[in-house]
Structure formats: C-alpha cells, structure tokens
Amino acid sequence: MAENFDVIVIGGGPGGYVAAIRCAQLGLNTACIDDQSNKEGKPSLGGTCLNVGCIPSKALLDSSEQYHRLQHQFSAHGITAENVSMDVTKMQQRKAEIVSSLTGGIGVLFKANKVTSIYGRGRLMAENHVAVLDPESGELSQTISAPNIILATGSKPVELPSIPFDGEFIVDSTGALDFDRVPSRLGVIGAGVIGLELGSVWNRLGSEVVLLEAMDEFLAAADHQIARDAARQFKKQGLDIRLGAMVKKVSSTPNGLQLSYTQKGEEHSIEVDRVVVAVGRKPATEGLLAADCEVSLDNRGFIEVDDHCQTAETGVWAIGDAVRGPMLAHKSSEEGVAVAERIAGGFGHVDFNTVPWVIYTAPEIAWVGKTENELKADGIPVKTGVFPFAATGRAKAMEDTAGMVKVIAHAETDRVLGVHIIGPHVSELIAECVVAMSFHASSEDLARIVHAHPTLSEAVHEAALAVEKRAIHKFG
Ligand code: FAD
Ligand code: NAD
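Residues numbered from 1 in each chain as written. Chains lettered and ligands numbered in written order. Predicted model: local features only at pLDDT ≥ 70, side-chain atom pairs only at ≥ 80, totals over all residues. Heavy atoms only, no water.

A. How the structure looks around the site of ligand 2. Taken together, 20 residues lie near ligand 2, and Ile194, Glu213, Gly280, Met327 and Val358 sit nearest. Take Ile194: an N or O atom from its main chain is 2.8 Å from an oxygen atom of ligand 2. Bound to the protein, ligand 2 loses 77% of the 840 Å² it would expose on its own. For the shell around ligand 2, the elements supplying multiple residues, two or more each, are α6 (193-204) and β20 (357-359). Considering each element in turn, the shell around ligand 2 owes the most residues, three residues, to α6. (Near = heavy atom within 4 Å. Polar contact = N/O pair within 3.5 Å; in protein donor to acceptor, adjacent residues only side chain to side chain. Areas by Shrake-Rupley, 256 points an atom, 1.4 Å probe, with all protein chains shown as cover. Helix = DSSP H or I, 4+ residues; strand = E, 2+ residues; numbered from the N terminus.)

B. Broad picture of the pattern of salt bridges. One pass over the full model with this rule turns up 22 salt bridges. Here Arg69 makes a salt bridge to Asp400, at a shortest N to O gap of 2.9 Å. Taken as a pair, Arg69 in helix α3 (residues 54-72) and Asp400 in the loop between α10 (393-398) and β23 (404-410) lie far apart in primary sequence, 331 residues in all. Between Lys383 and Asp414 there is a salt bridge, with the nearest N and O atoms lying 3.2 Å from each other. Of the two residues, Lys383 sits in strand β22 (residues 382-388) while Asp414 sits in the loop between β23 and β24 (416-423), which places them 31 residues apart along the sequence. Overall, Asp414 belongs to the buried group, its relative accessible area being 10%. One network of salt bridges, in which partners are shared, links Asp223, Glu372, Lys376 and Lys406. (Salt bridge = Lys/Arg side-chain N within 4 Å of Asp/Glu carboxyl O. Buried < 20%, exposed > 50% of the residue type's maximum accessible area, 1.4 Å probe, protein only.)

C. Structural view of unusual backbone geometry. For the bond running from Ala362 to Pro363, omega is 0°, close enough to zero to count as cis. Its location among the elements puts Pro363 in the loop between β20 and β21 (364-369). For the bond from His453 to Pro454, the omega torsion is -5°, close enough to zero to count as cis. Tracing the chain through its elements places Pro454 in the loop between α12 (443-448) and α13 (457-466). Positioned with a positive phi, Leu219 is a non-glycine residue whose angle comes to about 45°. Here Leu219 lies in the loop between β12 (208-212) and α7 (224-237). Residue classification places Leu219 among the buried residues on the basis of a relative accessible area of 12%.

D. The arrangement of helix α8 (residues 329-343) in detail. When the terminal C-alpha atoms of α8 are compared, their 21 Å separation across 15 residues agrees well with the 21 Å that a helix rising 1.5 Å per residue should span. The set of residues buried in α8 consists of Lys331, Ser332, Ser333, Glu335, Gly336, Ala338, Val339, Ala340, Arg342 and Ile343. Contacts from the buried residues of α8 go to β2 (7-10), α1 (16-25), β8 (148-151) and β19 (316-318). Of the residues trailing α8, Gly345 is marked for its positive phi of about 90°. (Expected span 1.5 Å × (residues − 1). Contact = heavy atoms within 4.5 Å.)

E. Expanded view of the side chain of Ser64. Positionally, Ser64 belongs in helix α3. Since its relative accessible area comes to 0%, Ser64 is described here as buried. A distance of 3.2 Å separates a polar atom in the side chain of Ser64 from a polar atom in the side chain of Arg204. Contact partners of Ser64, with chain neighbours within four places excluded, come to Val201, Arg204 and Leu205.

F. Region of the structure containing the state of the cysteines. Counted by the stated rule, this structure contains one disulfide. Between the sulfur of Cys49 and that of Cys54 lies a disulfide, 2.4 Å long from S to S. Taking the sign of the S-S torsion, about -130° here, the bridge from Cys49 to Cys54 comes out left-handed. Cys293 carries a free sulfur, and the closest cysteine sulfur to it, the one in Cys309, is 17 Å from it. (Disulfide = S-S within 2.5 Å.)

G. Spatial organisation of the layout of surface pockets. The calculated volume of the second largest pocket comes to roughly 780 Å³. Around the second largest pocket sit 27 residues that line it, and Glu65, Arg69, Ala362, Pro363 and Asp400 are the ones nearest its centre. If you list the elements that add at least two residues to the lining of the second largest pocket, you get α3, α6, α7 and α11 (426-438). Element by element, the count of residues in the lining of the second largest pocket is highest for α3, at seven residues. When its residues are assigned to classes, the lining of the second largest pocket shows six nonpolar, eleven polar and ten charged. (1 Å grid on protein atoms, 1.4 Å probe; cavity = no way out; pocket = protein on both sides within 12 Å on 5 of 7 lines; lining within 4 Å. Points joined across faces, edges and corners; volume = space filled by probe spheres on them. Nonpolar A, V, L, I, M, F, W, Y, C, P; charged D, E, K, R; others polar.)

This is the structure in structure tokens:
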C-alpha cells in the first residue's frame, strides 16, 4: 500500500521547500520530493535558486564587484593596491561553500519541522498518488499518496535549436556560473536579467563581453527612463550590448567560436571564446503528469492554475516558475505559503501588483508596480517625481552616485502606482516602496515619512517630494 501523507510537494526549490515547511508548521504530515543533486551526486535541496541561480550568481557578482572596485574605484578614496589579482578557483570555491551551506540548511530545516525529504523524481498519477522514480535510472522506487499535492517543479533554461549547449563552450547560466578561468572574449545571447548579471561578472573580471539581444528595445520590462540610464551605465563599464541582433549560428574557428547574426538586415559576425545562451527559461513539466491525471498544461508547458494556484484536479496545486507569473524566487515562495495556508483551511493571498523585481548589476535596478509607459498605455493619468542619487550626501560619501529614483503616482488620487530605481543598494531600498504600495500609500504619505540622514533612502523621500515639485535638494 502507498504510504500516505497529508501533503506531498514535488520540487524542493524556493516554492516547494517553503510550501513544505509552512505545511509542516500548520500541523500537516508533509513529504517533499526533489531530484536535484550536486557535483558529487548528493541530493541538494533548494532548487534552481540555491544551487544554480540566485545564490551562486550573487556570490560571483559580489566577488567580481569587490575586484572591480579595488581596481577602478578605491583610488578615489586614496586607497591604492599593487599587483591586484583574481584567483578564480578560490572565487568558485567560496561560491560552492555558500551554496553547500545554504542547501544543507534546508535539510536541517526539514528535519526540525519533520518534513519527510525524498530524493527522487515525482510523477503525478491519478487519484492523488505520486510515483517516485530514481532520477538516474527512471525506475520506480515507491508510490505515495496525499489528499493535497503541490507541484513546484520550477523551470529550465531555453535551448536554441540551432545553437545546442555543449556544456563547455556553448553553455547555459549554470555553465556560465562555473567557468574555471576568465574567457578573453565572451558572447552572450540575450540581454535580459541573466545575460546582464552574468555578463557583468565576467566583464568585471576582464572578459570582453558582447551581448546580442533580439529585441530592438533594451530591458523592455523596465521603465524606459531607467532602462536608458542603465544602458548608458553598462556601456561605460564596457558591456557591448547590440540590440535587434538575431543570432543565426555558432561555428568553430581555429581561434574560437564565430557567432553569426543579422542586425537591421545586415549580416555580422564576431569571434568569441565562449557563448552563454540566456534567452529565457521554460517550465520543467516534461514527464511530470501521468496520462490519466486531470491537470493540464498550456501550449508553453506551464501548469494551468486559477488565481489560487489550484489546478483542474481537486487537491492538486501548482506554484512558482512552473505556473504563470514572474519567474522569481520570492514569488514562488509566497505562492507556496499561500497554498499551504489554503490547504490548512486558512486564507492565502499573493499580491501580484507588488512583487518586486531586482537586477543585481552595478548599479542595481529595482522596481515595483507599473512603469510610466505601461500606465500611459492603459490611459491612466500619472505624475512623476525623479531624484538623482548624485544629489544625496550618502551616495557622494560612498563615491557611488550613479542612478535615480522615480516615483509614479496617480495624477488625481496621488496613490503610488510604481517606483523604479537604478543605483547603489536599490535591492534593499525597494522594500520600502513595496510596503508603501502594499498599504496603498500616496506619494504624499512617502513624502511625509521621516527618513534618516544621511541615507540612500533619502532619494526615495526626495523623489516622493518631487512628485509635487517640492524636492528640497534639487532645482525644478
Ligand atoms: P526551482 O527553483 O526551479 O525548483 C524546482 C525544483 O524541483 C528543482 O530542484 C528541480 O530539480 C526539482 N524538480 C523538477 N521536476 C521534478 C520532479 N518531477 N520531481 C522531483 N523534483 C523535480 N530569482 C530571484 O528572485 N532572484 C534572483 O536573484 C534570481 N537569480 C537567478 C539567477 C539565475 C542564474 C537563475 C537561473 C535564476 C535566478 N532566479 C532569481 C530565478 C529563481 O531561481 C527561480 O524563480 C526560482 O528558483 C523558482 O523557484 P521554484 O521553486 O518555482 O523552482
Ligand atoms: P529574460 O527573459 O530576462 O531575458 C531573455 C532575453 O533574451 C530577452 O531580452 C529576450 O528578448 C532575449 N532573446 C530571446 N530569444 C533571443 C534570441 N534568439 N537571440 C537573442 N536574444 C534573445 O530571461 P533570462 O535572462 O534567461 O532569465 C530567465 C528568468 O530567470 C528571468 O525572466 C527571471 O525571471 C529569472 N531571473 C531573475 C533574476 C533576478 O531576479 N535578479 C536573475 C536571473 C534570472
């Protein structure tokens, strides 16, 4: 007979592991199945985010930024250093240690919360059963059942059919996190979040980086004013971003790889040593559903759910990257908590209007809510306030003055509809704006709140004041 649980979670990423812990906290007997293993072949919880996503990328972004600052920015503080070098092996070891301590920590949290952790590949069968398969052989190892099942299988990198990954020279984000030396010339296909973050890492360490972006517009999802400033900053750093570039093929040459692409109808090619393909991610749902279960996938492979993450089959829920909405770790986790609460008979809710976005480049880019362009397209009357970090004492003291804060409010009600920031530590500053929007604040509310001096948060305060043209440290 199949072992029975109250809840089975398939997938141990930030969606699945958080859902499992919250279910257990609510008194539900919970199992979490995950198939991810590390380089030593040992099970490694935490999904894409902890193993090959958010955490290792931020570790490398931090190491490379320290190196870059030491070389290019410390002299302004009067600090000089000779013979500065980068030990890539040590940098990668540090990254691996951070990953292993965090992924191991999930195992500890599971034990403490009495979540049953199962290493294997889960497949949803009919009547609330789950088959657990060996991830390597695909053989059935056990069958378990539960009245509630949460599908949290995440996503995988998109592979371009004409440019298949070879694991060494043509790689996805996982490969680009693992280079053992700095490539002299790096080609990145796709100037989205991953392209910009990982392109920045290797650029700061000395690679000549060319990003080939299919769209004519740079960072189309961001506010136009912020995207324009970002493009300027990245250009200054030496990132060569070519828009409207359709890559056709990659071929080997005696000196490396030739990337052939068309731009404005003209044929071009560049020679590089390695290629990173970062053209988006797709849901990891292949083989997840047995033929006789009622859960449906859309034409792109996403699990179809309603606003409450409920699938077409009673008792089966789906969350995170495998369903509609932004592919972000915090969105996955919040959906996991909301579903756990619903299963336990409570109330769960995720406000999609206030999910923050952060791009961890330097300067960082962060936003919450709608862009000015989106609001104008929707016919919503807006007023905006912009304030540059260069006019704040703290940014000057830090020698980090690039960027600005832009607050967008409804022209009539003054309700804050979006905040868009580019600048130092804005991944932290955006939290205040998320709180403000969650509590339906007006720009006047933000303007009336006391902000400590001297802090970067004063730029948020001044941008809110600027909505009514009353910023103190700015003309006009
Ligand atoms: P995942 O994290 O993908 O976890 C799914 C898990 O389920 C995986 O372990 C997978 O192996 C397992 N699985 C799949 N199928 C099965 C099955 N049938 N049986 C058992 N297990 C299965 N997001 C941010 O918010 N901030 C960032 O800074 C950020 N940086 C990123 C950097 C990179 C390089 C990448 C690639 C992604 C980044 N993301 C970031 C996105 C983030 O990683 C994802 O949004 C997040 O991991 C999604 O969580 P999830 O739980 O839905 O899925
Ligand atoms: P993305 O959607 O951010 O960017 C992909 C880019 O590739 C787009 O600009 C797209 O126009 C371009 N593109 C698509 N096909 C192309 C082609 N054939 N040639 C050239 N360009 C092409 O996707 P991503 O950068 O792969 O990241 C995937 C997801 O992972 C993101 O959407 C995000 O949700 C998540 N992520 C988040 C963070 C973060 O929160 N800081 C970091 C990394 C990844």
